[in-house]
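# Per-entry structural report
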Amino acid sequence: MSAGDGSGEWTTLGDPTRARIVRMIRDSPEGRTLVGRLADGLGLRQPTISHHMKELTARGIVLRQPEGRRVWYSLDPRNAERVDALLGDETAGSGVELDVSRIVLALAERYRGTFGRETIERYVTESHDLLAASNPTTLIGSRTAAFATVRLDALARSAAPRGPVPEVLFVCVENAGRSQLAAGILRQLAGDRVLVRTAGSAPAGAVRTTIVTALDEIGVSLGGEFPKPLTDEAVRAADVVVTMGCGDACPVYPGRRYLDWDLEDPVGKPLETVRRLRDDIEGRVRELLAELTAA
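Procedures and definitions
- Residues numbered from 1 in each chain as written.
- Predicted model: local features only at pLDDT ≥ 70, side-chain atom pairs only at ≥ 80, totals over all residues.
- Heavy atoms only, no water.
- Buried < 20%, exposed > 50% of the residue type's maximum accessible area, 1.4 Å probe, protein only.
- Helix = DSSP H or I, 4+ residues; strand = E, 2+ residues; numbered from the N terminus.
- Arc of directions from axis to C-beta.
- Phe/Tyr/Trp six-rings, centres within 6.5 Å; stacked < 30°, edge-to-face > 60°.
- Lys NZ or Arg CZ within 6 Å of the ring centre and 35° of its normal.
- Pairing = 2+ DSSP bridges.
- Right-handed = clockwise from strand over helix to strand, strands pointing away.
- Core = buried A, V, L, I, M, F, W, Y, C linked by side-chain atoms within 4.5 Å.
- Contact = heavy atoms within 4.5 Å.
- Axes fitted to C-alpha atoms, helices over the stretch in contact; angles between N-to-C directions.
- Salt bridge = Lys/Arg side-chain N within 4 Å of Asp/Glu carboxyl O.
- Expected span 1.5 Å × (residues − 1).

### Things to note about helix H6 (residues 100–110)
Ile103, Val104, Ala106 and Leu107 are the residues of H6 that are buried. End-on, the buried residues of H6 take up no more than an arc of 165°, which puts them together on one face.

Here it is, written out as structure tokens:
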């Protein structure tokens, strides 16, 4: 894995698809597996799995072992213990002994001149507690670092004069379906023209597999996105807040534009229904992007 502050492994295993891939390899009876098996198990295309395997191999998380025409993948034993700590054990608790000081040290370097160590430490601790309350077992170490970073970025933006790049916050109940679809599509379409964040009033543990699949079908990756609790600084940093079935959970502040999209909840729905929802959301996102770029 990458040396230094550990941000590489946070990013790599913060991706929900890569985390599931690594967990499947770790839990496979042979201790190794093939791309085809991973694709079947996750319901994804083999080229998609191969793309993730290249990143996991480059980070030293998995080993590539050609045998004739087959290529097997196994966890790199040199980093197996660290991977176990980051992934946790979904049946018996996280197994993570969170190194808060290391996360704080990395973020103190990142935000030097912007936030003091006490502020960073408070946000790291709060972020861990918020995530642990909603989902105490999955990727708590990597997600704590990522969530604290998102919150500190939002805090810095909310305190600064509004710049030329607008920010959109998508909020749904679990932050595992509708808001992730909208955010993924907007990021793909807008590039660096729009900042995009998501949150949930009652976040789930992971983005739903059907959502990942529906986005993958149109060439959109979630990257390291995962369900995050709704926080005050996220709303304050946004120029546009789009809510999707989360009721009155979102605080209202002057100067923000609030939109409420009445969309079907994808929980428990088949992939065909999620595809229709995805296409509906894409149309709405395109309209919103046109308004933002025109403004």
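Back to the write-up after that little detour.
### Notes on the packing of aromatic side chains
Evaluation of the coordinates by the stated rule reveals two aromatic pairs. An angle of 50° between the planes, with centres 6.0 Å apart, marks the rings of Phe170 and Trp261 as tilted. Residue Phe170 is located in strand S4 (residues 167–172), and its partner Trp261 is located in the loop between strand S7 (257–260) and helix H12 (271–294); the two are separated by 91 residues in the primary sequence. Taken individually, Phe170 and Trp261 each receive the classification buried, so the pair is uniform in this respect. The ring of Phe147 carries Arg151 above its face, with NZ or CZ at 5.7 Å from the centroid. Above the ring of Phe226, the side-chain terminus of Lys228 is found at 4.9 Å from the ring centroid.

### Focus on the pairing of strand S5 (residues 195–200)
With five of six residues buried, S5 is to be regarded as a mostly interior element. Of the strand pairs in this sheet, S4 and S5 are connected by six bridges, and their pairing is parallel. Residue Glu167 lies in a different strand from S5, and its bridge partner there is Leu195. Following the backbone out of S4, through helix H9 (residues 178–190) and into the adjacent parallel S5, one traces a crossover that is right-handed.

### Some thoughts on the nonpolar core
When a protein is soluble and globular, its nonpolar side chains tend to lie buried together. By size, the foremost hydrophobic cluster in this structure holds 30 residues, and its most contacted members are Val168, Phe170, Leu186 and Trp261. The set of elements that each furnish at least two residues to this core consists of S4, H9, helix H10 (209–216), strand S6 (240–244) and H12. Among the elements that line this core, the one with the most residues is H12, at seven residues. With residues up to four places along the chain from it excluded, the contact list for Leu186 reads Val168, Phe170, Gly191, Val194, Val196, Val285 and Leu289. With 15 residues, the next largest nonpolar core counts Val22, Leu38, Leu42 and Val62 among its residues.

### Considering the sheet that holds strand S2 (residues 62–67)
Read across the sheet, three strands follow the order S1-S3-S2 without closing on themselves; strand pairing throughout is antiparallel. Looking at which strands have only one partner, the edges of the open sheet turn out to be strand S1 (32–34) and S2. Each neighbouring strand pair of the sheet contributes to a mean axis angle of 30°, computed without reference to strand direction. Sheet analysis places S2 next to strand S3 (residues 70–75), joined by six bridges and oriented antiparallel. Looking at S3, one finds that Pro66 is bridged to Val71. Each of S1 and S3 is contacted by helix H3 (residues 35–42), which is oriented at about 80° to S1, the strand it contacts most.

### What about the pattern of salt bridges?
In this structure the tally under the stated criterion is 27 salt bridges. In this structure, Glu126 and Arg122 form a salt bridge, with 3.5 Å as the shortest nitrogen-oxygen distance. Pair noted here: Glu126 and Arg122 are both in helix H7 (residues 117–134), with a separation of four residues, about one helical turn. On the basis of relative accessibility, which here comes to 42%, the residue Arg122 falls in the partly exposed class. Across the pair Arg187 and Glu225 runs a salt bridge, and its minimum N-O distance is 3.2 Å.

### Considering the side chain of Asp76
With respect to the element layout, Asp76 can be found in the loop between S3 and helix H5 (80–87). For Asp76, a relative accessible area of 2% corresponds to the buried category.

### Observations regarding the environment of Val150
As for its placement among the helices and strands, Val150 is situated in helix H8 (residues 140–159). Take Val150: its relative accessible area is 27%, and that puts it in the partly exposed class. Along the backbone, Val150 and Ala234 are 84 residues apart, and their C-alpha atoms lie at a distance of 8.4 Å.

### Let's talk about H12
Along its 24 residues, H12 runs 34 Å from first to last C-alpha, staying within 8% of the 34 Å computed at 1.5 Å per residue. Here H12 has its buried residues at Thr273, Val274, Leu277, Arg278, Ile281, Glu282, Val285, Leu288, Leu289 and Leu292.

### Considerations on the sheet that holds S7
As summarised here, the arrangement of the four strands in space is S5-S4-S6-S7, forming an open sheet in which the pairing is parallel. Strands with a single pairing partner mark the edges of an open sheet, and in this sheet they are S5 and S7. Averaged over all adjacent pairs, the angle separating strand axes in this sheet is 20°, with direction ignored. One ladder, built from five bridges, connects S4 with S6; its direction is parallel. Of the residues in S6, the one forming a bridge with Val168 is Val240. Across the sheet, H9 lies against S4, S5 and S6, angled at about 175° from S5, the strand it touches most.

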